[in-house]
Amino acid sequence: MIKGKNILLGISGSIASYKITILVRLLKKAGANVKIVMTPAAKEFVTPLTLATLSENPVFSEFSNKTSGEWNSHVELGLWADVFLIAPATANTLAKMANGICDNLLLATYLSAKCPIFIAPAMDLDMYKHPTTKRNIETLKTFGYQIIDATEGELASGLVGKGRMEEPDAMFQQIVEFFNADKPLANKKVLITAGPTYEQIDPVRFIGNNSSGKMGLELAKQAFKLGAEVTLIIGPNHLQIEDKISVIKVKSAEDMYLAVHKNVKKSDVVIMSAAVADFKPKKVSNQKIKKNNSDLMVELEPTKDILKSVGEIKSKKQLLVGFALESINELENAKAKLKSKNLDLIVLNSLNDKGAGFEFDTNQITLIDKRNKVEKFELKSKAAVAIDIFNKIVSLLK
Ligand code: CTP
């Protein structure tokens, strides 16, 4: 989740600065972009060259570049950052931050930043205990900043107590958790089937259906928003699908069956919203079938029930969601499908609901879970329906 995020690090003059080199490595390895602003005093402890090399970005500490005469824009730095972590934050820097003093580039950037700010204090134990430091930390908390509390241990002075800056890996973890907070599906793999399947009769004709694949695509987009790694297996369609979703295009029910089984084992959540053809021609003609002015009989045989086949092999940890399109005895039929296909959740669409179905951008669903809990929803856009379905999935995963 941290990949591609802009992390701004603010370093003030403490011996703990050397640990920031490790944090920079961890952030870079995870794919984050890192920029660094440091106080002049911090340069006594760790060189800008080391930090610039590790972060692959120039390091800023003065208001202007003395040789080029260019301005180092604290405003731009503040706007660039998705998160600003000030670590180590010395007693001096904390005091200035709490009081709006702005006598270096780090502090000017801090005052300009609009992003969430994390502060990791570091100092000797008596400085940390001092009432002014305590007051300044409390003041900074009231501004809504996140304080990464100092830890206990051996200090550079040789004394033992509270004041050590939190370790780089723990700070890294806090930043990761911050980005994952609204991503309940972070680290989860979601597999979705969507669209129709086409069952070939001859080289130019097929049996298909009107499914647009829109519901499946909205599900894929919502899964991605919630932090999941998404694979969408989709039958023939005209949809624009964004790059962040990994797409496997298929044509027939058999293709979809094979693609699903190639990917199902590694998936945490499997949602089958595809309108798979239930029957396919027993024989596919190699030549275009001629009219011959007589009736044509095409013998059909059932396709494989993909959903059922996944229900038969799914592990206890995997969550399997099916769809049911019904026109009579909707609830009973959906409940029967939930059981016979070993599902955790079924999404019922009724052909009797106006504005719901293949050709619409809206849908009306009823969710039925394994415990037979039934929730009926209003007619909504397919994007809003995807949110309802994932709210339920996230609650079932807990
Ligand atoms: N499905 C599937 N493979 C098939 C047919 C259906 O995976 N060959 C899945 C669909 O993706 C959907 C669910 O099964 O999630 C239910 O599809 P539906 O057509 O409503 O039901 P069927 O099981 O085909 O039963 P029936 O058509 O008799 O109602």
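These numbers were taken from a predicted model, which means no experiment stands behind them.

Engineer: Describe the site of the ligand, and please don't skip the residues or the numbers.
Structural biologist: As a structural note, the neighbourhood of the ligand is formed by 16 residues, with M272, A274, L307, F323 and K341 the closest of them. Within the contact set of the ligand, an oxygen atom lies 2.6 Å away from a backbone nitrogen or oxygen of M272. Contact distances for the ligand include 3.3 Å between a nitrogen atom and a side-chain N or O atom of T303. Here the ligand has 570 Å² of accessible area as a free molecule, and 77% of this is covered by the chains.

Engineer: Break down the sheet that holds strand β20 (residues 365–369) for me, citing the residues and quoting the values.
Structural biologist: With respect to topology, 8 strands assemble into an open sheet ordered β13-β12-β9-β14-β17-β18-β20-β21, the strand pairing being mixed. Edge positions in the sheet fall to β13 (246–249) and β21 (374–376), since each of these pairs with one other strand and no more. Strand-to-strand twist in this sheet, taken as the mean axis angle between neighbours without regard to direction, amounts to 15°. Judged from the 4 bridges that link them, strand β14 (residues 269–272) and strand β17 (residues 319–326) form a sheet pairing that is parallel. Paired with V269 across the bridge in β17 is L319. The strands that helix α12 (residues 330–340) touches are β17, β18 (345–350), β20 and β21; relative to β18, the one it contacts most, it runs at about 150°. Sheet contacts for helix α13 (residues 382–397): β9 (189–194), β14, β17, β18, β20 and β21; angle to β20, the most-contacted strand, approximately 10°.

Engineer: Tell me about the packing of aromatic side chains, residues and numbers included.
Structural biologist: As enumerated under the stated definition, the model contains 5 aromatic pairs in all. Taking the centre distance of 6.0 Å and the plane angle of 80° together, the rings of F143 and Y145 count as edge-to-face. For F143, a relative accessible area of 41% puts it in the partly exposed group. Centre to centre, the rings of Y198 and F206 are 3.8 Å apart; their planes meet at 10°, and the pair counts as stacked. The ring of W80 is capped by K35, whose NZ or CZ atom sits 4.7 Å from the centre of that ring. When the ring centre of Y257 is taken as origin, the NZ or CZ atom of K304, which lies over that ring, is 4.4 Å away.

Engineer: Would you mind going over the pattern of salt bridges in detail, with residue names and values included?
Structural biologist: As enumerated under the stated definition, the model contains 22 salt bridges in all. Here K43 ties to E62 by a salt bridge, and the two come within 3.3 Å at their closest N and O atoms. Taken together, the residues K43 in the loop between β2 (33–38) and α2 (48–55) and E62 in the loop between β3 (59–60) and α3 (74–80) connect sequence positions 19 residues apart. Where R164 meets E167, a salt bridge forms, and the shortest distance between an N and an O atom there is 3.1 Å. Each of the salt bridges in this network shares a partner with another, and the network as a whole consists of K19, R164 and E167.

Engineer: Could you give an account of the nonpolar core, with specific residues and numbers?
Structural biologist: One finds V190, L219, I271, I389, F390 and I393 to be the most contacted residues of the largest nonpolar core, which totals 31 residues. Elements that contribute at least two residues to this core include exactly β9, α9 (214–225), β12 (229–234), β14, β17, β18, β20 and α13. If you tally residues by element for this core, the top one is α13, at 6 residues. Ranked by size, the runner-up nonpolar core spans 30 residues in total, among them A16, L51, M165 and M171.

Engineer: Report on helix α10 (residues 253–263), specifying residues and quantitative values.
Structural biologist: Quick reminder: α-helices carry 3.6 residues per turn. Residues three or four places apart thus point the same way. Among all positions of α10, only A253, M256, Y257, A259, V260 and N263 are buried. Tucked into the core, α10 has its buried residues touching β9, β10 (199–200), β12, β13, β14 and α11 (306–313).

Engineer: Account for α9, with residues named and values stated.
Structural biologist: Look at α9: 16 Å from first C-alpha to last across 12 residues, which is about the 16 Å you get at 1.5 Å a residue. All of the buried residues in α9 are M215, G216, L217, E218, L219, A220, Q222 and A223. Looking at the buried side of α9, the elements it contacts are β9, β12, β14, β17, β19 (362–363) and α13. Downstream of α9 by a residue or two, G227 has a phi angle that is positive, lying close to 100°.

Engineer: Account for the domain arrangement of the protein chain, naming residues and giving values.
Structural biologist: Taken domain by domain, the protein chain comprises domain 1 (6–180) and domain 2 (189–283 + 299–397). Placing the centre of domain 1 and that of domain 2 at their C-alpha centroids yields a distance of 48 Å.

Engineer: How would you sum up the sheet that holds strand β4 (residues 83–89)? Please name residues and give values.
Structural biologist: Sheet architecture is open: 6 strands sit in the order β3-β2-β1-β4-β5-β6, paired in parallel fashion. The open sheet is flanked by β3 and β6 (146–147), the only strands paired with a single partner. Two elements, β4 and strand β5 (residues 117–121), share 4 bridges in a ladder whose sense is parallel. By the bridge assignment for β5, F84 is matched with I117. Across the face of the sheet, helix α1 (residues 20–29) comes into contact with β1 (6–11), β2 and β4 while running at roughly 180° to β1. The sheet contacts of helix α5 (residues 105–112) involve β1, β2, β3, β4 and β5, and relative to β4 the element is tilted by about 140°.

What counts and what doesn't
- Residues numbered from 1 in each chain as written.
- Predicted model: local features only at pLDDT ≥ 70, side-chain atom pairs only at ≥ 80, totals over all residues.
- Heavy atoms only, no water.
- Near = heavy atom within 4 Å.
- Polar contact = N/O pair within 3.5 Å; in protein donor to acceptor, adjacent residues only side chain to side chain.
- Areas by Shrake-Rupley, 256 points an atom, 1.4 Å probe, with all protein chains shown as cover.
- Pairing = 2+ DSSP bridges.
- Helix = DSSP H or I, 4+ residues; strand = E, 2+ residues; numbered from the N terminus.
- Axes fitted to C-alpha atoms, helices over the stretch in contact; angles between N-to-C directions.
- Contact = heavy atoms within 4.5 Å.
- Phe/Tyr/Trp six-rings, centres within 6.5 Å; stacked < 30°, edge-to-face > 60°.
- Buried < 20%, exposed > 50% of the residue type's maximum accessible area, 1.4 Å probe, protein only.
- Lys NZ or Arg CZ within 6 Å of the ring centre and 35° of its normal.
- Salt bridge = Lys/Arg side-chain N within 4 Å of Asp/Glu carboxyl O.
- Core = buried A, V, L, I, M, F, W, Y, C linked by side-chain atoms within 4.5 Å.
- Expected span 1.5 Å × (residues − 1).
- Domains from an automatic or database assignment.

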